[in-house]
Amino acid sequence: MIIDMHTHVFPDKIAAAVIDKLSHMSRARAFTDGSIHALIESMKNSGVDKSVVLPVATNTHQVEKVNDSAAALTEKFSVQGIISFACIHPDYENFRAELSRVKSLGLRGVKIHPIYQGVDIDDKKFLRILDRAAELDLIVVTHAGLDIGFPGVEHCSPKMIRRVVETIGDFKFILAHMGGWKNWNEVAEELAGTNVFIDTAFSTDKIPARSDFHWDAADLNLLDAAGFMTLYKIFGADKILFGTDSPWSSPAESIDFIQNLPLSAAEKNKILGGNAENLLG
């Protein structure tokens, strides 16, 4: 089974506008139109069995509505392999009750994005949320490292994540983008020996740049096979989860990258789906 642990979709009526805006911000090419139907089609074409959708709340007013939509999306498209997580915002005061409601809705986890939400991951606003999520045995996925759309902005560095883990202890904590996008040297230094998961989303090979925007050639580079294997030796096959950041990476190309690594079939199977299957239950 192949499980994509990191995807995004948007309501049909705004998907095109959102993709256009984010594509301009990031100067990156989208591989789908951002709709749920396009995600399902890309899954069929690439052999992905299940995809986890990760919504982000950019303000407190969105939280409950987005979480209701996440539950409805999972119910409507579960047969097609769609599992949506919930969202939470660091400024949302009723976080304890809302996370309990998330659990009661049957949602398996929540997504946070410190850069979009403008708060450091080790700030008390996030720490209280993470502590409550741990109490409820919810999975937490965080954007980690820099963000392609916000150059130089840092709200979730490996050092900050280390402080979170030391404060909260072990919980189901997934660091997107191989532990910290474009912070991979620091990931190796700061997060070795922790019990976090990392996902592969938008972190391998090269940035799929838009043809109408200029990138310096070196800036396009993400992790090559050697760079990936450096982190693999630290985290091991049991702590790496396959993710694409769809619509921002090609599922087929992302799968091929993993299949071409110097790993055993059993190790590749863990990364591509086995670890996610165990984590999701």
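Presented here is a report on the structure given in the accompanying data block. (Residues numbered from 1 in each chain as written. Predicted model: local features only at pLDDT ≥ 70, side-chain atom pairs only at ≥ 80, totals over all residues. Heavy atoms only, no water.)

**Examining the layout of surface pockets**
Right, so step 1: Of the voids in this model, the largest pocket is the one considered here, and its volume is about 1,400 Å³.
Right, so step 2: Val9, Phe10, Val18, Pro55 and Val56 are, among the 44 residues lining the largest pocket, the residues nearest its centre.
Right, so step 3: For the lining of the largest pocket, the secondary structure elements donating two or more residues are α1 (12–26), α2 (36–46) and α3 (63–77).
Right, so step 4: Top contributing element to the lining of the largest pocket by residue count: α1, with eight residues.
Right, so step 5: By residue class, the composition of the lining of the largest pocket is 24 nonpolar, 12 polar and eight charged. (1 Å grid on protein atoms, 1.4 Å probe; cavity = no way out; pocket = protein on both sides within 12 Å on 5 of 7 lines; lining within 4 Å. Points joined across faces, edges and corners; volume = space filled by probe spheres on them. Helix = DSSP H or I, 4+ residues; strand = E, 2+ residues; numbered from the N terminus. Nonpolar A, V, L, I, M, F, W, Y, C, P; charged D, E, K, R; others polar.)

**Re a negative patch on the surface**
Right, so step 1: Together, Asp205, Asp224, Glu253 and Asp256 make up a region of like negative charge exposed at the surface.
Right, so step 2: Mapped onto the elements of the fold, Glu253 is located in helix α10 (residues 251–259). (Patch = residues over 30% accessible without salt bridge, like charges linked within 9 Å, V, L, I, M, F, W, Y side chains within 5 Å. Areas by Shrake-Rupley, 256 points an atom, 1.4 Å probe, with all protein chains shown as cover. Salt bridge = Lys/Arg side-chain N within 4 Å of Asp/Glu carboxyl O. Lys, Arg positive; Asp, Glu negative; His and termini not counted. Charge placed at Lys NZ, Arg CZ, Asp CG, Glu CD.)

**A closer look at the environment of Ile174**
Right, so step 1: With respect to the secondary-structure elements, Ile174 resides in strand β7 (residues 173–175).
Right, so step 2: Here the alpha-carbon distance between Ile174 and Thr142, two residues 32 residues apart in the chain, equals 6.4 Å.
Right, so step 3: Beyond its immediate chain neighbours, meaning those up to four positions away, Ile174 contacts Met5, Ile139, Val140, Val141, Thr142, Phe197, Asp199, Leu241 and Leu279. (Contact = heavy atoms within 4.5 Å.)

**Observations concerning the packing of aromatic side chains**
Think of a pair of aromatic rings as described by two things: how far the centres are apart, and how the planes are tilted against each other in angle.
Right, so step 1: Counted according to the given criterion, the structure contains four aromatic pairs.
Right, so step 2: Seen from their ring centres, Tyr116 and Phe150 are 5.3 Å apart, and the 65° between their planes marks the pair as edge-to-face. Here Phe150 lies in the loop between β6 (139–142) and α7 (158–168) and Tyr116 lies in helix α5 (residues 114–117), a separation of 34 residues in the sequence.
Right, so step 3: Judged by relative accessible area, Tyr116 falls into the partly exposed class, the value being 30%.
Right, so step 4: When the ring centre of Trp215 is taken as origin, the NZ or CZ atom of Arg27, which lies over that ring, is 4.0 Å away. (Phe/Tyr/Trp six-rings, centres within 6.5 Å; stacked < 30°, edge-to-face > 60°. Buried < 20%, exposed > 50% of the residue type's maximum accessible area, 1.4 Å probe, protein only. Lys NZ or Arg CZ within 6 Å of the ring centre and 35° of its normal.)

**Remarks on the packing of α3 against helix α4 (residues 95–104)**
Right, so step 1: Contact geometry for α3 and α4: axes closest at 11 Å, N-to-C directions at 10°. Put simply, α3 runs roughly parallel to α4. In contact with Val63, Glu64, Asn67 and Asp68 of α3, α4 contributes Glu98, Arg101 and Val102.
Right, so step 2: Each residue belonging to the contact of α3 with α4 can be placed in one class, and the counts come to two nonpolar, one polar and four charged. (Axes fitted to C-alpha atoms, helices over the stretch in contact; angles between N-to-C directions. Parallel < 35°, antiparallel > 145°, perpendicular 65-115°, else oblique.)

**A few points about unusual backbone geometry**
Right, so step 1: Each neighbour pair has its own omega, and for Ser246 with Pro247 the value is 20°, a cis peptide bond.
Right, so step 2: By secondary structure assignment, the location of Pro247 is in the loop between β9 (240–241) and α10.
Right, so step 3: Of note in this structure, Arg27 is not a glycine but carries a positive phi near 55°.
Right, so step 4: Mapped onto the elements of the fold, Arg27 is located in the loop between α1 and α2.
Right, so step 5: Even without being glycine, His177 reaches a positive phi, approximately 65°.
Right, so step 6: With respect to the secondary-structure elements, His177 resides in the loop between β7 and α8 (184–190).

**Some thoughts on the pairing of β6**
It is a general feature of regular strands that their side chains alternate between the two faces of the sheet.
Right, so step 1: Residues Ile139 and Val141 line one face of β6 and the alternating positions Val140 and Thr142 line the opposite face, and both faces are buried.
Right, so step 2: As judged from the four bridges shared by strand β5 (residues 109–112) and β6, these two strands associate in the parallel manner. Paired with Val110 across the bridge in β6 is Val140.
Right, so step 3: Bridge analysis of β6 against β7 gives three bridges, and the strand direction is parallel. Across the sheet, residue Val141 finds its bridge partner in β7, namely Ile174.
Right, so step 4: After leaving β6, the chain enters α7 and then returns to the sheet as β7, a path that is right-handed. (Pairing = 2+ DSSP bridges. Right-handed = clockwise from strand over helix to strand, strands pointing away.)

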